[in-house]
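# Notes for the structure review
Okay, here's what each chain looks like letter by letter:
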Amino acid sequence: MSYWYEGPLAAFDTETTGVDVESDRIVSAALVVQDAPGVRPRVSRWLVNPGVPVPAEATAVHGLTEEHLQRNGRWPSPVMFEIAELLAEQAAAGRPLVVMNAPFDLTLLDRELRRHRASSLDHWLEPAPLRVLDPRVLDKHLDRYRKGRRTLTDLCAHYEVALSDAHDAAADALAALEVVRAVGRRFAARLERLSPADLHALQTAWHAAQARGLQAWFARSGNPETVDISWPLRPELPAAA
C-alpha cells in the first residue's frame, strides 16, 4: 500500500523583507512539485521587486539586495496572481502542500494578494481547499519532548535531509518537502492511516495547543509577546488595527 508521504507532494516557500506578515513583502518565492520520492521535482520560481526598501537585516538572511530586486525582480501584482493560480491548481489536484511555518508564508501571500490584486487566498481556494502539511507542527506534536530548536535547518539535521542553500526559496521548499516525507516514515504507525485532509484538521488543533503552550511560557518569562493560534492562515486584521 502506498501512503501519502510516498506519493505526490508540493511545497511552497517565500523570502521576504522582514517577519511582520501585515506589513512586510515577498521578494522571492518558489513552488516545488514532486510526484514521488526520488523523482526530479518541477520547480517554479519568482523574483519580486517589492516596491519598498529591503532592510539590510533581510538581505543578510537571503542575500537579495534592493538593487538586485529592482533590476531583476518583477512587479508584485502578476507574480501574486501566478502563485495563487498554481496553489489553487495543487488544491484542485488534491496534492498536499508542504509549508514550513505555514501561518507566516500563507498569511504573507494572502496580504500581498489583498494589497496588489484586491483578492485573497481564500478566494482562490474556494473551488478546492488546500491540504497543508507543516513540518514544524507535525514534528513538534509527534516528538514533543525532544529538546532543541525546530527551525528548518534543525529539522533537516534531525531527519538527515540535505539543505544545500538555506534561505533560497526553492531549496527551502524542497528541504521542507523531504522533511515531511521523513516525518511520515519515522512516525508511520501514527500517520499512515490518516489522510492529508485528516492531518490538515488535526494540525489546526495541534498548532493551537502549541501556541497556547508558548504563550504560557512567555507569560511566565515576563515576555509581553502574543502568539496567534490560527493555522494555516491568520485572519485579516480589522481595518482600524
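Provided above is the structure to which this section pertains.
Rules of the game
Residues numbered from 1 in each chain as written. Predicted model: local features only at pLDDT ≥ 70, side-chain atom pairs only at ≥ 80, totals over all residues. Heavy atoms only, no water. Helix = DSSP H or I, 4+ residues; strand = E, 2+ residues; numbered from the N terminus. Buried < 20%, exposed > 50% of the residue type's maximum accessible area, 1.4 Å probe, protein only. Contact = heavy atoms within 4.5 Å. Areas by Shrake-Rupley, 256 points an atom, 1.4 Å probe, with all protein chains shown as cover. Lys, Arg positive; Asp, Glu negative; His and termini not counted. Charge placed at Lys NZ, Arg CZ, Asp CG, Glu CD. Pairing = 2+ DSSP bridges. 1 Å grid on protein atoms, 1.4 Å probe; cavity = no way out; pocket = protein on both sides within 12 Å on 5 of 7 lines; lining within 4 Å. Points joined across faces, edges and corners; volume = space filled by probe spheres on them. Nonpolar A, V, L, I, M, F, W, Y, C, P; charged D, E, K, R; others polar.

What follows concerns the overall build of the chain. Of the regular secondary structure elements, the chain holds 10 helices and five strands. Dimensions along the principal axes, computed over C-alpha positions, put the chain at roughly 50 × 50 × 35 Å. Counting only residues that meet the buried cut, the chain has 49% of its 241 residues in that class. Within the chain, contacts between residues separated by at least 24 positions form 67% of all contacts whose residues are at least 6 apart in sequence. By element, 53% of the accessible surface of the chain is carried by carbon and sulfur atoms, the whole surface being about 11,900 Å². Charge centroids of the chain, computed over 27 positive and 32 negative side chains, lie 5 Å from each other.

For the rest of this paragraph, the subject is the sheet that holds strand β1 (residues 9-16). The mixed open sheet is built from five strands, whose spatial order is β3-β2-β1-β4-β5. Each edge of the open sheet carries a strand with a single partner, namely β3 (42-47) and β5 (132-133).

A word on the layout of surface pockets. One number sums up the size of the largest pocket: a volume of about 1,800 Å³. In this structure, the largest pocket is lined by 47 residues; those nearest its centre are M100, N101, R136, R150 and T151. Those elements that provide at least two residues to the lining of the largest pocket are β1, α1 (56-62), α4 (102-117), α6 (135-142), α7 (152-159) and α10 (196-221). A per-element tally of the lining of the largest pocket places α10 first, with nine residues. In terms of residue class, the lining of the largest pocket is built from 17 nonpolar, 15 polar and 15 charged. Size it by volume and the second largest pocket reaches roughly 150 Å³. Lining of the second largest pocket is provided by V161, A162, L163, S164, A171, L174, A175 and E178.

The subject of this paragraph is the side chain of H141. Position of H141 among the secondary structure elements: in helix α6. Residue classification places H141 among the buried residues on the basis of a relative accessible area of 17%.

By the criterion of burial, strand β2 (residues 26-34) is predominantly enclosed, with nine of the nine residues buried. Here β1 runs beside β2; their pairing, made up of eight bridges, is antiparallel. Residue pairing in the sheet places T14 in a bridge with A29 of β2. As paired strands, β2 and β3 are joined by six bridges and run antiparallel to one another. Pairing of V33 across the sheet is with R42, part of β3.

Attention shifts here to the environment of G213. Assignment of secondary structure puts G213 in helix α10. As for G213 and V227, which are separated by 14 residues in sequence, their C-alpha atoms are 9.5 Å apart.

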